[in-house]
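Single-letter residue listing:
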Amino acid sequence: MKHLVYCALRDARGPMRCILPAGVEGAKVLLVAEGGLAAACSVAPDACVTPTVPRATAYARVVGALHAVTAVLPFRYGNFLDSGEQVLNLLRVHRAEFLQSLEEVEGCDEMGLRILLESRPAVACAGPACVAPGLPAIALAAAGGTGREFLEGRRAHYATQECDESVAAQAAAEARGALEGLAVKCRAQRFSAPASPLGRVLSLFFLVRRENVERFREAFGQLQQETSAKMLLTGPWPPYNFVPGTAAALAVAGGSP
């Protein structure tokens, strides 16, 4: 059995324990306190390391319930520690970092903006290099291609990539110009690889004070009317994209402090 850590928050015992929903696999969620901080965690069988929709939903429900009443640093699903002592040690080691970050997200929600960057026709060229622009030169020659075709293919590949980067930068600048004044912080995520022929998706995340969320929505509506880009606004959410780098790294590393 492992300890699954949902989020970090300021130490707040008492009535908050009553509002916590059941955690992953129906486990009871406890607040483990140390040095002015607390971590919401539950005991989970080893099988829970593999995320499923019900597990992710239960996990998000716990984080959302705490976020509704206090500032939280939500961890991505995957922070499994071997013991309660390791949970306490997580709070001890990162105490200053977590407390500072909690100050930054106090009273704020995260709003997400997704912008569809429509795909364009690929740069036309001939030869094996266009079919497989990443193919090593020696393999290209074996396939009947020439060094010149290889270089032309790579040149076309990078030209398209640079154009995509330029379009993404312009879209991000327009969105930030319209919305950033209502946000405490903004972060951009490198646009995703195309999941469909429609194009790529650029994701922007805004940390918005709760009293400004409705104004933020109104500004987004105005932005939609002024641009031809296809956009989707989501939120409000707990500030998943505004946790310290340490917390993000912990999830990637599987929770080892």
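How each quantity is defined
- Residues numbered from 1 in each chain as written.
- Predicted model: local features only at pLDDT ≥ 70, side-chain atom pairs only at ≥ 80, totals over all residues.
- Heavy atoms only, no water.
- Helix = DSSP H or I, 4+ residues; strand = E, 2+ residues; numbered from the N terminus.
- Buried < 20%, exposed > 50% of the residue type's maximum accessible area, 1.4 Å probe, protein only.
- Contact = heavy atoms within 4.5 Å.
- Areas by Shrake-Rupley, 256 points an atom, 1.4 Å probe, with all protein chains shown as cover.
- Expected span 1.5 Å × (residues − 1).
- Arc of directions from axis to C-beta.
- Phe/Tyr/Trp six-rings, centres within 6.5 Å; stacked < 30°, edge-to-face > 60°.
- Salt bridge = Lys/Arg side-chain N within 4 Å of Asp/Glu carboxyl O.
- pLDDT = per-residue confidence, 0-100.

**Q** Please provide a residue-by-residue account of the overall build of the chain, values included.
**A** Of the regular secondary structure elements, the chain holds eight helices and nine strands. The buried share of the chain, reckoned over its 257 residues, is 41%. Expressed as a percentage of contacts within the chain between residues at least 6 apart in sequence, the contacts between residues at least 24 apart total 75%. Surface accessibility of the chain: about 13,300 Å² in total, with carbon and sulfur atoms responsible for 57%.

**Q** An account of helix α7 (residues 213-226) is needed here, citing residue identities and associated values.
**A** Because each turn of an α-helix spans 3.6 residues, side chains separated by three or four positions end up pointing in the same direction. Along its 14 residues, α7 runs 20 Å from first to last C-alpha, staying within 8% of the 20 Å computed at 1.5 Å per residue. When α7 is considered as a whole, its buried residues turn out to be Val213, Phe216, Ala219, Phe220 and Leu223. Along the axis of α7, the buried residues cluster in a sector spanning 115 degrees; they form a single face. In α7, the exposed positions that point more than 90 degrees away from the buried face belong to Glu218 and Gln225.

**Q** Mind laying out the side chain of Ser42, listing which residues take part and the relevant values?
**A** Position of Ser42 relative to the elements: it lies in strand β3 (residues 37-44). Once residues within four sequence positions are removed from consideration, Ser42 is found in contact with Lys2, His3, Leu4, Tyr6, Ala27, Lys28 and Val29.

**Q** Could you give an account of the packing of aromatic side chains, with specific residues and numbers?
**A** Counted according to the given criterion, the structure contains five aromatic pairs. Judged by centre distance (6.0 Å) and plane angle (50 degrees), the rings of Phe75 and Phe98 are tilted. In this pair, Phe75 sits in the loop between β4 (72-74) and β5 (80-81) while Phe98 sits in helix α3 (residues 95-105), placing the two residues 23 residues apart along the sequence. We note that Phe75, like Phe98, is buried.

**Q** Before we move on, can you summarise the pattern of salt bridges with the specific residues and values?
**A** Counted by the stated rule, this structure contains 10 salt bridges. A salt bridge links Glu106 to Arg10, with the shortest nitrogen-to-oxygen separation between them at 2.6 Å. In this pair, Glu106 is assigned in the loop between α3 and β6 (108-118) and Arg10 in strand β1 (residues 2-10), connecting sequence segments 96 residues apart. On the accessibility criterion, Glu106 (34% relative accessible area) is partly exposed. Judged by its relative accessible area of 24%, Arg10 falls in the partly exposed class. Salt-bridge contacts for Arg92 lead to Glu85; the nearest nitrogen and oxygen are separated by 2.9 Å. We classify Glu85 as partly exposed; its relative accessible area is 46%.

**Q** Could you give an account of the confidence of the model for the chain, with specific residues and numbers?
**A** Mean pLDDT over the chain works out to 77, with 68% of the residues at or above the 70 mark. Within the model, the stretch residues 137-142 combines pLDDT values under 50 with seven contacts to residues more than four positions away or in other chains. Across residues 157-162, confidence stays below pLDDT 50; counting only partners more than four residues off in sequence or on other chains, it has three contacts.

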